[in-house]
Amino acid sequence: MTKPPTSVEDIVTIDAREARDLLCSGYQYLDVRMWEDFEKGHVEGARNVPFYTSVTPQGKLKNENFIEQVESLYGKDENLIVGCRSGIRSKLATLDLLNAGFKNVKNMGGGYLSYVKSMNEGA
């Protein structure tokens, strides 16, 4: 049995072009941004489970129910791509999911911003 990663350096990160290809082959997209940002625009077919429930100048409050909320949407064997705005929050979310027993989870480096850019470039 494969040991889950122990740090963000151990997770698999893909770029926006790879993410688009994987989405076409059946992967699901989990957007971990705040719902307000998700509503402004998101990857087609994406589902939203915020990793943080609050982000203020004083700090970030992690969504204590994140894993349970993701488990209510996806099975632990499903192929998932995790994305956020720029790729940092999604790394943390990907690590948490892998450590919770999700097996096929990839982080999208650069986040939604890089995804939009790749779509505009037609890459």
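Remember, predicted model here, so these are calculated numbers, not experimental data.

### Overview of the pairing of strand 5 (residues 59-62)
- Taken together, the four bridges between strand 4 (residues 52-56) and strand 5 define a ladder with antiparallel strand orientation. Residue pairing across strands places valine 55 opposite lysine 60, the latter belonging to strand 5.
- Adjacent in sequence and paired antiparallel, strand 4 and strand 5 are bridged by two residues.

### Structural notes on the UniProt feature "domain: Rhodanese" (unreviewed entry) in the protein
- Those residues carrying the UniProt feature "domain: Rhodanese" (unreviewed entry) are residues 23-117 in this numbering.
- Regarding residues 23-117, the helix share stands at 35% and the strand share at 26%, and the terminal C-alpha atoms are separated by 17 Å.

### What to know about the nonpolar core
- Of all hydrophobic cores here, the largest spans 20 residues; its most connected members are Leu30, Val32, Phe66, Val70 and Leu97.
- Elements supplying a minimum of two residues to this core: helix 3 (66-71), strand 6 (79-83) and helix 4 (88-99).
- Counting residues per element, this core draws most heavily on helix 4, which supplies four residues.
- Aside from chain neighbours lying at most four places away, what touches phenylalanine 66 is Leu30, Val32, Val49, Pro50, Phe51, Ala93 and Leu97.

### As for the layout of surface pockets
- Size it by volume and the second largest pocket reaches roughly 210 Å³.
- Looking at the second largest pocket, it is lined by 15 residues, and the ones nearest its centre are Leu23, Val43, Glu44, Gly45 and Tyr115.
- The leading source of residues in the lining of the second largest pocket is helix 5 (residues 111-121), at four residues.

### Re the packing of aromatic side chains
- Taken as a whole, this structure holds three aromatic pairs when the rule is applied.
- On the numbers, 5.1 Å between centres and 70° between planes, the contact of phenylalanine 51 with tyrosine 52 is edge-to-face.
- Here the aromatic rings of phenylalanine 51 and phenylalanine 66 are separated by 5.2 Å at their centres, their planes lie at 85°, and the arrangement is edge-to-face. On the criterion of sequence distance, the pair formed by phenylalanine 51 in the loop between strand 3 (47-48) and strand 4 and phenylalanine 66 in helix 3 is long-range, its members being 15 residues apart. Just as phenylalanine 51 is buried, phenylalanine 66 falls in that class too.
- Through a chain of ring-to-ring contacts, the aromatic side chains of Phe51, Tyr52 and Phe66 assemble into a single cluster.
- Between the NZ or CZ atom of arginine 33 and the centre of the ring of tyrosine 112, over which it lies, the distance is 4.6 Å.

What counts, and where the lines are drawn
- Residues numbered from 1 in each chain as written.
- Predicted model: local features only at pLDDT ≥ 70, side-chain atom pairs only at ≥ 80, totals over all residues.
- Heavy atoms only, no water.
- Pairing = 2+ DSSP bridges.
- Helix = DSSP H or I, 4+ residues; strand = E, 2+ residues; numbered from the N terminus.
- UniProt positions renumbered as here; feature names shortened; annotations may be inferred.
- Core = buried A, V, L, I, M, F, W, Y, C linked by side-chain atoms within 4.5 Å.
- Buried < 20%, exposed > 50% of the residue type's maximum accessible area, 1.4 Å probe, protein only.
- Contact = heavy atoms within 4.5 Å.
- 1 Å grid on protein atoms, 1.4 Å probe; cavity = no way out; pocket = protein on both sides within 12 Å on 5 of 7 lines; lining within 4 Å.
- Points joined across faces, edges and corners; volume = space filled by probe spheres on them.
- Phe/Tyr/Trp six-rings, centres within 6.5 Å; stacked < 30°, edge-to-face > 60°.
- Lys NZ or Arg CZ within 6 Å of the ring centre and 35° of its normal.

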